[in-house]
Structures are given as C-alpha cells and as structure tokens.
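# Survey of secondary and tertiary structure
Here's the letter readout for the chains.
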Amino acid sequence: MGTLRSAALVGNPNAGKSALFNALTGARQKIANYPGVTVERKSGRLQLASGEAIELTDLPGSYGLNATSPDEEVTRKVILGELAGELPPQVLVVVLDASNLEQHLVFAQEVIALGRPTVVALNMLDLAERDGLVVDPLALEEALGVPVVPTVAVRRKGLAELAVAIEAAEARGSEHHRPHTTLTERRVTAQAIAQAAIVSETSRHRLHARLDRLLLHPWAGPLILFALLFVVFQAVFAWAQPFADALEGVVGWIAGKAHDALPAGLLRDFLTDGVLAGVGSVVVFLPQIVILFFFILALEASGYMARAAFLMDRLMARIGLSGRSFIPLLSSFACAVPGIMATRSITDPKDRLTTILIAPLMTCSARLPVYAVIIAAFIPARSVGPGLGLQGLVMFGLYIAGIIAAMLVALVLRRSVTKGNAGGFIMELPKYQMPRAGDLAIGLLQRSWIFLRRAGTIILTVTVVLWLLLNFPRAGAGQDQVDASLAGKVANGLAVVVEPIGFNRDIALALIPAMAAREVAVSSLATSYAVASDDEDAQAMKLGAQLKTHWSLATALAFLAWFVFAPQCMSTIAVTRRETNGWKWPAFMLAYLFGLAYVFAGLTYWTAVALGLG
C-alpha cells in the first residue's frame, strides 16, 4: 500500500462527527445538534502515532449513499471519488452514536459494503451509559468485520486509539467485501447487530423521555418555545444594559480625550465625529449580541433546537413548507448568509427556493443594534408586569413580526411563483445534554470577533466614506454643512421618495450606506448628527438623545417597521445569487422586500399619526 494521505469522517447527522473532528484536528468548527449545519466539507490535519500528518475531512451528515439532498450528494461524491479534482479518501471512519446504534448502523453497513479500508468510531459512549445502555465494542467489531474504537469526543477519550486504527486500516487494506443489500435488509441486519452488541439496558424511565413528553407536547411545546424566546429578548435588554452603558462610557471617554488632545480642525472632527461617533455607536451593542448568541448556542448544544424544528413542522406544513426549512430559518436569526447556505439540506427545489426567499425576514443579529438604539430612545424602560419590561416586549414583538411576515410570504409564494406541496420531513432528535462551557466560550468569542471585525472593517470603511461625503464640499458662511455636502444633496433627493412614510433627510442618508450592513444605519445616523451639530454640547449628546430631538415617535416606529422587511445587506443578495445561479431571484427578493418595507413603514407611520403619536 502507498503512503497514507487522507481519511474522512462519515455518518448520520448527530453522530458527533463535528466534535470528533475538532478533537482529532484541533480545529474550531461549529458543533451543532441538528442536521444541516455541516453543509460543506471541512478539512484538518490529523497527527498519527508515526509522526506523519494526514488530511482528515469532515463530511456532511448523511442517511445513505442514495443522496436525497445537496449535502448528502457531496458526501456520496467524496466517498465514491466522483468529486471533480479530488481523490477519494483512503480510509473511511464511520462515526456511530452508541446510544442510537440501530439507526446509525444502516448507513454504516452501506459504507462497509464498499470494501474500502474502514474504521468505526463508536462515539458518545458516555451518553449511552448515562441512559443505562452498555455496548460491547468487541461484539460490534465481530459483527461488522471492521475495527471498532470506543470514543467520547467531547472528553477526548479514545482519540489516540482511533488514530492508530486509521493508520493501520490503510496498511491492512480491504479484508473483505460484503455484497450490496437493500435498505430493508440493512435495517433487519442492523437490528440484529444492535441486539448482539448491547450487553445491558436498564428499563428506568429516562430523563430525556420525560422532557420530550413535555417539550414536544402539541400544545405545551409551542407555548414553552415562545416563552423561551420571550425570555431571551427580555434578557437582551435587562442583562445587557449595564455593560452597554459601560462601553458607551468608555467610547465617550476616548472621544473626550481625543477632543481635548487635538487642535480644532478636520482631523479632530474626523476622529470624533467620524470614527468614534460612527463605529463607537455600534460597538456599544456588543453585550446584546453576546447575550443573544449565548442563548442560541446553549439551546443548540442542549439538543433543544432540533425539537423546536420538530414542533414547527406542523405550522410549516400549513404554509407549504416542512420542518426542514425551520433549521435554515433559525440559522438566519444569527445571519441570513449561513441560513441561506443551510438550505442545501432541503431536498425539494421549490421548498429550498421559498426558504431562501423568506430567510431575510428572520431578524438577524445585524438588526439588533438598530432595534436597540430606537427602542432605548423612544420606548420607556418601565415594567408592564412581574419580570416583564416594555422594551423587551417591543423587541420580542419585532422578532415575531418578522416570523409572521415570513410565514405569510411563504404562503403566497407556495401558491404562486414557487407553487408546490410541502415535502416530507424526517429528523433524528439528538440526546439532551448540558452545554459545555468551553464550546459556549468558543462560540461566543467567534461571534464577538465577527461583530467587532465588521465594526473595524465594513462599518469603519462606510463611516469614513460617509464622513468625507458629509464634509465636502465645505459649507459657506451661514450654510448647513450637511445640505452643502455631496451626501446631503443625494439624501435630499431621496428624501422626496421616503417623506410620505415619515422619513426625514437623516434617515434617507442612513438607508444608502446601510446596504453594506444593516448596523451601519446606526453609525450613519451618529455620524450625520455629529457633523450637523455646530456646538460641542450638541456633539456630545448621545445618539438616543439626538434621535429624540429630530424624530417623532411615529417616525421611530416607521423606521423599526422598515427594518423588519428591508433587505439591507449586500452579502445576503450575493449569496442568494450564488445559491440560485443567477440574478432573477435576488432581483425578485429585493423588489418584494423593499416593497413590503415601504408599505408597512407607511402604514405604521400613518396609523401612529392618526393616533396622535406624530
């Protein structure tokens, strides 16, 4: 045999492949407990006992080589060597969930039947034992005819033994070749092999069974889900406020020092009115971002997110989709880009297209700074009940508005341009487990870094360009600088279009750069008001105070309604073009979302004015 160069991890979703991949390679990939996260192939370097390093590939989760979705198709092509420009992996490592052997052995048999050098990683033994299930790896090895190595990826148990087995598998080569069998035959065989390998199984009532009876109850389950979401958005305001205030104080202190240290002029204005006022107004919302993702990552790691998809399947079916669409839509609450990419796990092309088109309606984390600054400025921070804050209630309402809008749009699309019936939905519910502090910390650090990197790149760049456009050409004596500037002239032209829905020149100016990223709207407003302020006292005003000075409550509510719908993110448009192979559907998405944004912002403004809130 030649030198060992490559191996690949294969298996059902929720077998713990990503955790095992991280442990073997040291890579820091996202670990999730529901199907569809590992959409693209991921590779890392695995150090063998001999000192050699090989490429280890983490393939998307699959239920069989008869691919029924884009991610399963990737797995099939890699295993069979049909992926253009790539050789097939020399060793296949089949990862099994020890607590769910019968289900996972069906695919394992199909892989073993290929006759390729194969090793089985019997993973999650700790969860199996916790549930009273004792598995004999040697009996499983004898039944399968390939090496079986017990592992607990999250505790790094069995990793060295697995690396040795991988290296030995290539040297040993294919020892036997099983004939291909039908799915029914593999299921029967899998049942027999589980029975042979299980030493003992207690009949005690398991905790996860009790939890499932409650959390998956047709009536109690959805109520618990919405209660959890409500708690999340209450926490985003209540818990984050002290940290946000502290960050705002730090930014203000730095701006004050820069103001005192530099002589009056364009350089000082650039640093204080441009960089610090613009970027600083976004950075202060880092605590809200961290708290939001803490809940998302914790619920995901605990196994609850898959149950949320299961709960939503019945509702999704009524609008022509399936629970499989819920997972990409849920991902879109973080960012629509990975959410749209995750639609590759959806088998039906019309289901997938519909999910892509409504993904931007999910309230992504980039909207959070926009919502937070407007709510903090215009909604009183008062209690409306025990443990219920009005600001958190409004935030929750905005998220619910996005969800309802997405469902209604999907209903219309499935009866018109993407007409079709809802596809089937089969998913495996992962075991409940306590989220690991280390994984949560890594996830939060990654999300924080992404947010700060956007603040230091996209937002900074747009803010600097906007400041330059707001300051040149320079205004003459007695002339307003914003009106005299190039940006002001553009904004005054756009203001004619958005004035009927209650938007002023400042909002019109913020909408253009916000196309780069939604949170740029906050930095744009902060920069605009800093440039427009003549005296130092006005410049020192916080953004919230500036907004209350220049906006009515009706305008603020219309601005929130606009951001529920507006597709202001070029990255989302770009990934939609890539996933749909053309500009037809991205153009359709832009048109209908901007249309909805304009209509509902107008309805909100006109209603508020009629109620005397203008």
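Residues numbered from 1 in each chain as written. Predicted model: local features only at pLDDT ≥ 70, side-chain atom pairs only at ≥ 80, totals over all residues. Heavy atoms only, no water.

Moving on, we get to the overall build of the protein chain. For the protein chain, the count of helices and strands is 28 helices and 10 strands. Split into buried and exposed, the 614 residues of the protein chain put 54% on the buried side. Taking all contacts inside the protein chain whose residues are at least 6 apart in sequence as the whole, residues at least 24 apart take part in 74%. Per element, the accessible surface of the protein chain, about 25900 Å² overall, is 64% carbon and sulfur. (Helix = DSSP H or I, 4+ residues; strand = E, 2+ residues; numbered from the N terminus. Buried < 20%, exposed > 50% of the residue type's maximum accessible area, 1.4 Å probe, protein only. Contact = heavy atoms within 4.5 Å. Areas by Shrake-Rupley, 256 points an atom, 1.4 Å probe, with all protein chains shown as cover.)

What follows concerns the side chain of Lys 17. Assignment of secondary structure puts Lys 17 in helix H1 (residues 17-25). Among the residues examined, Lys 17 registers a relative accessible area of 5% and is labelled buried. Of note is the side chain of Lys 17, whose polar atom sits 3.0 Å from the side chain of Asp 58. When neighbours within four sequence positions are excluded, Lys 17 is seen to be in contact with Leu 9, Val 10, Gly 11, Asn 12, Asp 58, Leu 59, Pro 60, Gly 61 and Val 95. (Polar contact = N/O pair within 3.5 Å; in protein donor to acceptor, adjacent residues only side chain to side chain.)

A cluster of nonpolar residues, Val 465, Leu 469, Leu 486, Val 490 and Ile 512, forms a patch on the protein surface that exposes about 390 Å² of accessible area. Secondary-structure elements contributing two or more residues to the nonpolar patch are helix H19 (437-471) and helix H21 (486-498). Judged by relative accessible area, which is 41%, Ile 512 ranks as partly exposed. (Patch = residues over 30% accessible without salt bridge, like charges linked within 9 Å, V, L, I, M, F, W, Y side chains within 5 Å. Salt bridge = Lys/Arg side-chain N within 4 Å of Asp/Glu carboxyl O.)

This next bit is on unusual backbone geometry. A cis amide bond, omega -5 degrees, links Phe 472 with the succeeding residue Pro 473. Inspection of the secondary structure assignment puts Pro 473 in the loop between H19 and helix H20 (481-484). Not every positive phi belongs to a glycine, and Arg 156 is a case in point at roughly 60 degrees. You can see Arg 156 is positioned in the loop between strand S7 (148-150) and helix H6 (159-172).

Spatially, S2-S3-S1-S4-S5-S7 is the arrangement adopted by the 6 strands of the open sheet, whose pairing is mixed. Only two strands of the sheet have a single neighbouring strand rather than two, namely strand S2 (42-47) and S7. Recorded for the sheet is a direction-independent mean angle of 25 degrees between the axes of neighbouring strands. Where strand S5 (residues 118-123) lies against S7, 3 bridges are found, and the strand directions are parallel. Each residue of the ladder has a partner; that of Leu 122, found in S7, is Pro 150. Contacts from helix H5 (residues 137-144) reach strand S4 (91-97), S5 and S7 within the one sheet, and its direction differs from that of S7 by about 160 degrees. (Pairing = 2+ DSSP bridges. Axes fitted to C-alpha atoms, helices over the stretch in contact; angles between N-to-C directions.)

So, on to the pattern of salt bridges. Enumeration over the complete set of coordinates arrives at 15 salt bridges. Its salt-bridge partner being Glu 82, residue Arg 76 comes within 3.0 Å of it at the nearest N-O pair. For Arg 76, a relative accessible area of 18% gives the class buried. Arg 307 is the partner of Asp 212 in a salt bridge, and the nearest nitrogen-oxygen pair spans 2.8 Å.

Looking now at the packing of helix H9 (residues 220-238) against helix H12 (residues 286-302). Two elements in contact, H9 and H12, have axes separated by 9 Å at closest approach and are oriented at 155 degrees. By the angle between their axes, H9 is roughly antiparallel relative to H12. Note that H9 runs across H12; the crossing there is right-handed. Contacts from Leu 228, Val 232, Phe 233, Ala 235 and Val 236 of H9 reach H12 at Gln 288, Ile 291, Leu 292, Phe 295 and Leu 299. Looking at the contact of H9 with H12, its residues break down into 9 nonpolar, 1 polar and no charged. (Parallel < 35°, antiparallel > 145°, perpendicular 65-115°, else oblique. Left-handed = near helix turned anticlockwise from the far one by under 90°. Nonpolar A, V, L, I, M, F, W, Y, C, P; charged D, E, K, R; others polar.)

Across all of its chains, the model carries 16 aromatic pairs by this definition. Relative to Tyr 399, the ring of Phe 333 has its centre 5.9 Å away and its plane inclined at 15 degrees; by these criteria the two rings are stacked. Residue Phe 333 is found in the loop between helix H14 (323-331) and helix H15 (336-341), and its partner Tyr 399 is found in helix H18 (residues 390-413); the two are separated by 66 residues along the sequence. For Phe 333, a relative accessible area of 13% translates into the label buried. Between the aromatic rings of Phe 588 and Tyr 592, the centroid separation amounts to 5.7 Å while the plane-to-plane angle is 40 degrees, which identifies the pairing as tilted. Highlighted residues: Phe 588 and Tyr 592, both in helix H28 (residues 584-610), separated by 4 residues, approximately one helical turn. Given the relative accessible area of 15%, Tyr 592 is considered buried. Among the aromatic side chains, those forming a connected cluster through ring pairs are Phe 378, Phe 503, Trp 551, Phe 559, Trp 562, Phe 563 and Phe 594. Over the ring of Tyr 432 we find Arg 307, and its NZ or CZ is 3.9 Å from the ring centre. (Phe/Tyr/Trp six-rings, centres within 6.5 Å; stacked < 30°, edge-to-face > 60°. Lys NZ or Arg CZ within 6 Å of the ring centre and 35° of its normal.)

It is worth spelling out the nonpolar core at this point. Grouped together as the largest cluster of nonpolar side chains are 116 residues, with contacts concentrated most on Phe 503, Trp 551 and Phe 559. At 13 residues, H18 tops the list of elements feeding residues into this core. Excluding its chain neighbours within four sequence positions, the residues that come into contact with Phe 559 are Val 370, Ile 374, Phe 503, Ile 507, Leu 511, Ala 521, Leu 525 and Trp 551. Counting 28 residues, the second-largest nonpolar core is a separate cluster that includes Ile 79, Val 94, Leu 101 and Leu 133. (Core = buried A, V, L, I, M, F, W, Y, C linked by side-chain atoms within 4.5 Å.)

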